[in-house]
Structure formats: C-alpha cells, structure tokens
Amino acid sequence: MTNMTPILQASIALIAALVSAFLIPWLRRNTTAKEREELLKWVSIAVEAAQQLHYQLEGADRKSYVRAFLTEQGFDVDDQAVDAAIESAVLELHRELGYTR
C-alpha cells in the first residue's frame, strides 16, 4: 500500500497558498467596495434629508447635520473620503435641483 500522506500534505499546502494568494485579497477588495457603496448610499440620504429638513440653515449647519447622521450610522466622519463624498453628494443634488454655481 502506498503512503498518500505526503501527497495529501502537499495538496493542503497548495490549497492554503491559493487561498492566501487569491481568495483573501479578493474578499478584501469586495468588502471594501461594498462598504464604499454603503457609505455613498447613506451620504446621499443624509444630504437629501438635510436639504429637505434644514433648507433654511446655512450650508455649514446642514453639513453638521449630515456628519451627525453618518456618525449615528456608524461611519467615521473624520475620514477625508467621507468629507469628499458629502461634497460630491451636495454637488449632485444641486445639479438635480437645477442650482447653478
């Protein structure tokens, strides 16, 4: 009878290497993309809500509302990407509403 242990060990090592090299980075990329998609969705909701609920306030006050709303949703609002996403959503809303800058 042939000892299959070395072949089995080599197969397990190969599978582990493939998982480490391909599967784990793929999962990280997809999770990050999903997280970005989720953030952009919530930013858009918050910006539209700020415009609807607090239209009488200055832009800085509406932005404070958006940042507080995002904090409640569990996002780190001190991140530069969040600030850029807010500004982008405001610009898009202004375009949709026909405001000129």
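Counting of residues starts from 1 at the beginning of each chain's written sequence and follows it residue by residue. Local features in this predicted model are restricted to residues whose pLDDT is 70 or higher, and side-chain atom pairs enter the listing and the counts only when it is 80 or higher, whereas totals over whole chains, interfaces and linings include all residues. Side-chain figures throughout are based on the complete set of non-hydrogen atoms in the structure, without hydrogens or water.

K.L.:
Hey, could you run me through the overall build of the chain in this one?
P.N.:
Helix and strand assignments come from DSSP, with helices taken as H or I runs of at least 4 residues and strands as E runs of at least 2, each series counted from the N terminus. When helices and strands are tallied, the chain shows 3 helices and 0 strands. C-alpha atoms define the radius of gyration in this analysis, and the globule rule sets the expected value at 2.2 Å times the number of residues to the power 0.38. On C-alpha atoms alone, the chain measures out to a radius of gyration of 23 Å, which is more than a quarter above the 13 Å that the 2.2 N^0.38 rule sets for 101 residues. Principal-axis analysis of the C-alpha atoms gives the chain an extent of 85 × 25 × 20 Å. Within the chain, the fraction of its 101 residues that count as buried is 18%. Pairs at least 24 residues apart make up 47% of the contacts formed inside the chain by residues separated by at least 6 positions. For accessible areas, the Shrake-Rupley method is used with a probe of radius 1.4 Å. Any residue's cover is judged against the shown protein chains and nothing else. Roughly 7900 Å² of accessible area belongs to the chain as shown, and the carbon and sulfur atoms make up 59% of that amount. Put simply, the chain has 10 plus and 14 minus side-chain charges, and the middle of one group is 7 Å from the middle of the other. Note on exposure labels: buried denotes an accessible area under 20% of the residue type's maximum, exposed denotes more than 50%, and partly exposed covers the range between, all computed with a 1.4 Å probe on protein chains only. Only heavy atoms matter for contacts: two residues are in contact if any of them lie within 4.5 Å across the pair. Charge counting treats Lys and Arg as positive and Asp and Glu as negative, with His and both chain ends excluded. Note on charges: their place is set at NZ of Lys, CZ of Arg, CG of Asp or CD of Glu.

K.L.:
How should the packing of aromatic side chains be read in this particular structure?
P.N.:
Given two aromatic rings, one states the distance between the centres and the angle between the planes to describe the pair. For Phe, Tyr and Trp, where Trp contributes only its six-membered ring, two rings pair if their centres lie within 6.5 Å, and the inter-plane angle classes them as stacked under 30 degrees, edge-to-face over 60, or tilted in between. If you walk through the whole model with that rule in mind, you get 2 aromatic pairs. Ring plane angle 45 degrees and centroid distance 5.9 Å describe the contact between Trp42 and Phe69, whose orientation is recorded as tilted. Residue Trp42 is located in helix 1 (residues 5-53), and its partner Phe69 is located in helix 2 (residues 59-72); the two are separated by 27 residues in the primary sequence. Taking the relative accessible area as the measure of exposure, Trp42 reaches 21% and is therefore partly exposed. The rings of Trp42, Tyr65 and Phe69 are connected pair by pair, giving a single aromatic cluster.

K.L.:
Would you mind showing me how to read the pattern of salt bridges here?
P.N.:
Note on pairing: side chains with opposite charge can pair once their charged atoms come close. We define a salt bridge as a contact between a side-chain nitrogen of Lys or Arg and a carboxyl oxygen of Asp or Glu at a distance within 4 Å. By the definition in use, this model includes 5 salt bridges. Residue Glu38 pairs with Lys41 through a salt bridge whose shortest N-O separation is 3.5 Å. Of this pair, Glu38 and Lys41 are both found in helix 1, 3 residues apart, which corresponds to roughly one turn of the helix. In this structure, Glu87 and Lys63 form a salt bridge, with 2.9 Å as the shortest nitrogen-oxygen distance.

K.L.:
Quick question: what am I supposed to make of the nonpolar core here?
P.N.:
One broad trend across soluble globular proteins is that nonpolar side chains are buried collectively. Membership of the largest hydrophobic core comes to 15 residues, with the highest contact counts inside it found for Leu39, Val43, Val47, Val66, Leu70, Val82 and Ile86. If near-sequence neighbours (up to four positions away) are discounted, Val66 is found in contact with Ala46, Val47, Ala50 and Ile86. We define the nonpolar core as a collection of buried residues of types Ala, Val, Leu, Ile, Met, Phe, Trp, Tyr and Cys that are connected through side-chain atoms lying within 4.5 Å of one another.

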